[in-house]
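Survey of secondary and tertiary structure
Here are the chains, one letter per residue:
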Amino acid sequence: CEFDIFASMDPAKEVGGDFYDFFLIDEEHVALVVADVAGKGVPAALFMMMTKIMINTYAMMGISPKEILERVNNSICQNNKNDMFVTVWLGILTYSTGQVVASNAGHECPAIKRAGGMYEIMQDPHNLVIGALEGMPYGEYEFTLGKGDALFVYSDGVPDAINLKEEQFQRERMLEVLNRNCEATPETLIKNMKAEIDLFVGEADQFDDITMLSIQIN
């Protein structure tokens, strides 16, 4: 399948703890990652870099998303002096079929749009966050992206964005914006979502890192 992909990360502080990644594993598979470290500043950023490198390293071995997250979790638990944790959504897309195998470690549920339809929240099965408990088994699930389908993965900085009245942007408003832009390219979709969040937040300080990744099958 041919696809368009775009992602962005806007940190709340000078250095953020969120990250996104997408990379080719081989000629047949591409990995998609969005993750959110609990915490801010330099410690969170260092923890984020370590997690990102591990996910990339294990993914390049050609193992499944659940195995990748199990190995990352065990490695982090062995060296987690600050008791930090990270939520991760990891999907591996097979080019030839559009099949995605995914694993969710305590992360936000992604939004999916079928060709000609509207975005809706995918209530995917959740595993424990990475870094909480060594030896935890992780599960995975599968779905297929066909022509005209799209996927939107994000960190909690999107629904949890807060304005001066201390109201949250919320998932419902996020879905409204997605569906106003349901025919937009991934880049336009993400830029429009960020503009809507900025408009909502107004003069309030950005409360959390805001990370978004969008993929659309052509």
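Along each chain, residues carry numbers from 1 onward, in the same order as the chain's sequence is written. Only residues with pLDDT of at least 70 get local features here, since the model is predicted, and only at 80 or more are side-chain atom pairs given and counted; chain-wide, interface and lining totals rely on the full set of residues. Side-chain descriptors were evaluated using all non-hydrogen atoms of the structure, hydrogens and water having been removed beforehand.

1. Focus on the overall build of the protein
Selection rule: What counts as a helix is a DSSP run of H or I of at least four residues, what counts as a strand is a run of E of at least two, and both are numbered from the N terminus. Each radius of gyration is computed over the set of C-alpha atoms, and the globule rule expresses the reference value as 2.2 Å times the number of residues to the power 0.38. Accessibility throughout is a Shrake-Rupley quantity obtained with a 1.4 Å probe, and a residue counts as covered only by protein chains that appear here. The charged-residue count follows a simple rule in which Lys and Arg add positive charge and Asp and Glu add negative charge, with His and chain termini not counted at all. Here the site of a charge means atom NZ of a Lys, CZ of an Arg, CG of an Asp or CD of a Glu.
Scanning the protein from terminus to terminus reveals four helices and ten strands. In the protein, the order of α-helices and β-strands from amino to carboxyl end is β-β-β-α-α-β-β-β-β-β-β-α-α-β. Against the globule reference of 17 Å for 218 residues, the protein gives a C-alpha radius of gyration of 17 Å, in line with a compact fold. Accessible area for the protein stands at about 9900 Å²; split by element, carbon and sulfur atoms hold 52% of it. Counting 15 positive and 34 negative side-chain charges, the protein places the centres of these two groups 2 Å from one another.

2. Quick word on the packing of aromatic side chains
What counts is decided by this rule: Any two rings among Phe, Tyr and Trp, with Trp reduced to its six-membered ring, count as a pair given centres within 6.5 Å; such a pair is stacked if its planes are under 30 degrees apart, edge-to-face if over 60, and tilted if neither. Relative accessibility under 20% of the residue-type maximum defines a buried residue, over 50% an exposed one, and the middle range a partly exposed one, all with a 1.4 Å probe and only protein chains included.
A full pass over the atoms with the stated rule returns five aromatic pairs. Both rings, one in Phe152 and one in Tyr154, keep their centres 5.6 Å apart while their planes meet at 20 degrees; by these two values the pair is stacked. Overall, the relative accessible area of 0% leaves Tyr154 in the buried class.

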